[in-house]
Amino acid sequence: MKKKVVIGCFAAVVVVVTLASSVVISRQNEYKLVRQFGKVSRVIADPGIHLKIPFIQTADTLPKETLLSDLVPSDVITKDKKTMISDSYVLWKIVDPLKFAQTLNSSQTNAENRINTAVYNATKNVISSMTQDEVITSRDGVLSTNVMKNIGNNMEQYGIELLVFETKQLDLPNDNKEAVFERMISERNNIAATYTAEGKSEAKVIRNTTDKEIAIKISEAEKQAEILIAEGEAEYMKILSAAYADEGKTDFYSYVRSLDALKASMTGDDKTVILSEDSPIAKIFQGYE
């Protein structure tokens, strides 16, 4: 009886171990690679419970979610021969687990090494075609876009898709930061001085043009005023001449003009006027006709 119990327990253990080695549980965020004698025989991409041949086939796991690779900071040289330090990262994922396993031996370390090399070469190529000022001003997304374009589809051969490239830091080496900053400040000051000089020159042109236009308008206005004054005086003389030509109004106008002459001569505090007897003004006060 003891022998039968032992055999039964052993058989049960064998059955349990066999069942356990034949079951593959795949989760939502992973791939399962079923290998037979070291070679991938099939890829399980759907979550759930799957079967494999016990003791002959094995199952490896690869991540399906998006992965982050923090790249090694590296020196790059700009078009104008300035050295900069690029510190960046990429987001990537495995889209073809079979290619990934065949080319990189299912190793994320190997994958990150290939990604680091591809991104470094692309970053070097892009930055080497730009000046330092252009690199600094292109950190708003232009640089990342250009690097992604330069990488292109190079990572597809490994079953990898690069999703995002971003620069965490794009800085100058510590030994020449101060010199570069001083040069940039000097260049900006020169640009500002150029703009200021151009603005002053343009302002002078505008002022001269405006002064010329004002002088012309004032001259035209004075000319028009002189014409109007002359026309007014001519009209005045015409009216005056017509008035004196009328015998009925001659005496009246003589009377008015005599009073005006008297008023004009009485200035200051002394209101005494000495007139001859034959003066028109004297005749007015004396009642002469």
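Quick caveat, the model's predicted, so the values are computed rather than measured.

1. Description of the sheet that holds strand β2 (residues 30-36)
1) Next: Overall, antiparallel pairing links the 3 strands, which are arranged β3-β2-β5 in an open sheet. Since the sheet does not close on itself, it has two edges, and those belong to β3 (39-44) and β5 (57-63), each with one partner. Averaged over all pairs of adjacent strands, the angle between strand axes in this sheet comes to 30°, irrespective of strand direction.
2) Next: Pairing geometry for β2 and β5, over 7 bridges, is antiparallel. Bridge pairing links V34 to A59 in β5.

2. Brief notes about the packing of helix α3 (residues 108-128) against helix α5 (residues 142-151)
1) Next: Contact geometry for α3 and α5: axes closest at 9 Å, N-to-C directions at 120°. Relative to α5, α3 is oriented oblique. Where α3 crosses over α5, the handedness of that crossing is right-handed. Here α3 contributes A118, V119, A122, T123, N125, V126 and I127 to the contact with α5, which in turn contributes L143, N146, V147, N150 and I151.
2) Next: A breakdown of the residues in the contact of α3 with α5 according to their chemical character gives 8 nonpolar, 4 polar and no charged.

3. Looking at the side chain of S106
1) Next: Secondary-structure assignment places S106 in the loop between α2 (97-104) and α3.
2) Next: A polar atom in the side chain of S106 sits 3.0 Å from the side chain of R35.
3) Next: When neighbours within four sequence positions are excluded, S106 is seen to be in contact with L33, R35, L62, F100 and A101.

4. Describing α5
1) Next: All of the buried residues along α5 are L143, S144, V147 and I151. The buried residues of α5 all sit within an arc of 100° when viewed along its axis, so they share a single face.
2) Next: Summarising the contacts, the buried residues of α5 are in contact with α3 and β9 (160-171).
3) Next: One or two steps after α5, the chain reaches G152, where phi turns positive at roughly 60°.

5. Section: the pattern of salt bridges
1) Next: This model, assessed by the stated rule, comprises 6 salt bridges.
2) Next: Residue E30 is joined to R27 by a salt bridge in which the shortest nitrogen-to-oxygen separation is 3.8 Å.
3) Next: Overall, E30 belongs to the buried group, its relative accessible area being 9%.
4) Next: Salt bridges sharing partners connect three or more residues here, namely R27, E30 and K32.

6. Concerning unusual backbone geometry
1) Next: Even without being glycine, K81 reaches a positive phi, approximately 65°.
2) Next: Relative to the helices and strands, K81 is located in the loop between β7 (74-77) and β8 (83-94).
3) Next: Relative accessible area serves as the criterion here: at 68%, K81 is assigned to the exposed category.
4) Next: With a phi close to 60°, S106 is a non-glycine residue in the positive phi region.

7. Some points on the nonpolar core
1) Next: Judged by nonpolar contacts, the single largest core of 33 residues is most densely connected at W92, F100, I115, V119, M155, I160 and L162.
2) Next: At the level of elements, β2, β8, α2, α3, α5 and β9 are the ones that each hand at least two residues to this core.
3) Next: With 7 residues, the single largest contributor to this core is α3.
4) Next: Looking at this core, you find at least three residues from each of domain 1 (1-62) and domain 2 (65-172).
5) Next: If we ignore the near neighbours within four places in the chain, the residues touching I160 are W92, K93, V95, F100, L104, A111, I115 and M155.

8. Re α2
1) Next: Listing the buried residues of α2 in full gives P97, F100, A101 and L104. On an axial view of α2, the arc spanned by its buried residues comes to 105°, and they lie on one face.
2) Next: For α2, the elements touching its buried residues are β2, β3, β5, β8, α3 and β9.
3) Next: Phi turns positive one or two residues past the end of α2, at N105, with a value near 60°.

The rules we used
Here the residue numbering is sequential within each chain, running from 1 through the sequence in written order. In keeping with the predicted nature of the model, local features appear solely for residues at pLDDT of at least 70, side-chain atom pairs appear and are counted solely at 80 or more, and the whole-chain, interface and lining totals rest on all residues. To obtain the side-chain values, all non-hydrogen atoms of the structure were used and water was disregarded. Here, strands pair whenever DSSP counts at least two bridges between them. The helix count covers DSSP runs of H or I at least four residues long, the strand count covers runs of E at least two residues long, and both are numbered beginning at the N terminus. Axis definition: a line fit to C-alpha positions, over the contact stretch in the case of helices; interaxial angles, taken between N-to-C directions, run 0 to 180 degrees. Orientation labels follow simple angle bins: below 35 degrees gives roughly parallel, above 145 gives roughly antiparallel, 65 to 115 gives roughly perpendicular, and whatever is left gives oblique. In this scheme the handedness of a crossing depends on how the near helix is turned from the far one: anticlockwise by less than a right angle means left-handed, clockwise means right-handed. The contact criterion used throughout is that any non-hydrogen atoms of two residues lie within 4.5 Å. Think of it as three bins: nonpolar holds Ala, Val, Leu, Ile, Met, Phe, Trp, Tyr, Cys and Pro, charged holds Asp, Glu, Lys and Arg, and polar takes everything else, Gly as well. Pairing of N or O atoms within 3.5 Å defines a polar contact, subject to two protein rules: one partner must be a possible hydrogen donor and the other a possible acceptor, and residues neighboring in sequence count only if both atoms are side-chain atoms. Residue burial is assigned from relative accessible area. The probe radius is 1.4 Å, only protein chains are included, and a residue is buried under 20% of its type maximum, exposed over 50%, and partly exposed in between. Here, the arc refers to the directions that run from the helix axis to the C-beta atoms. Here, a salt bridge means any Lys or Arg side-chain nitrogen found within 4 Å of an Asp or Glu carboxyl oxygen. Definition of nonpolar core: a set of buried residues of the types Ala, Val, Leu, Ile, Met, Phe, Trp, Tyr and Cys, connected through side-chain atoms within 4.5 Å. As used throughout, domain bounds are those supplied by an automatic or database domain assignment.

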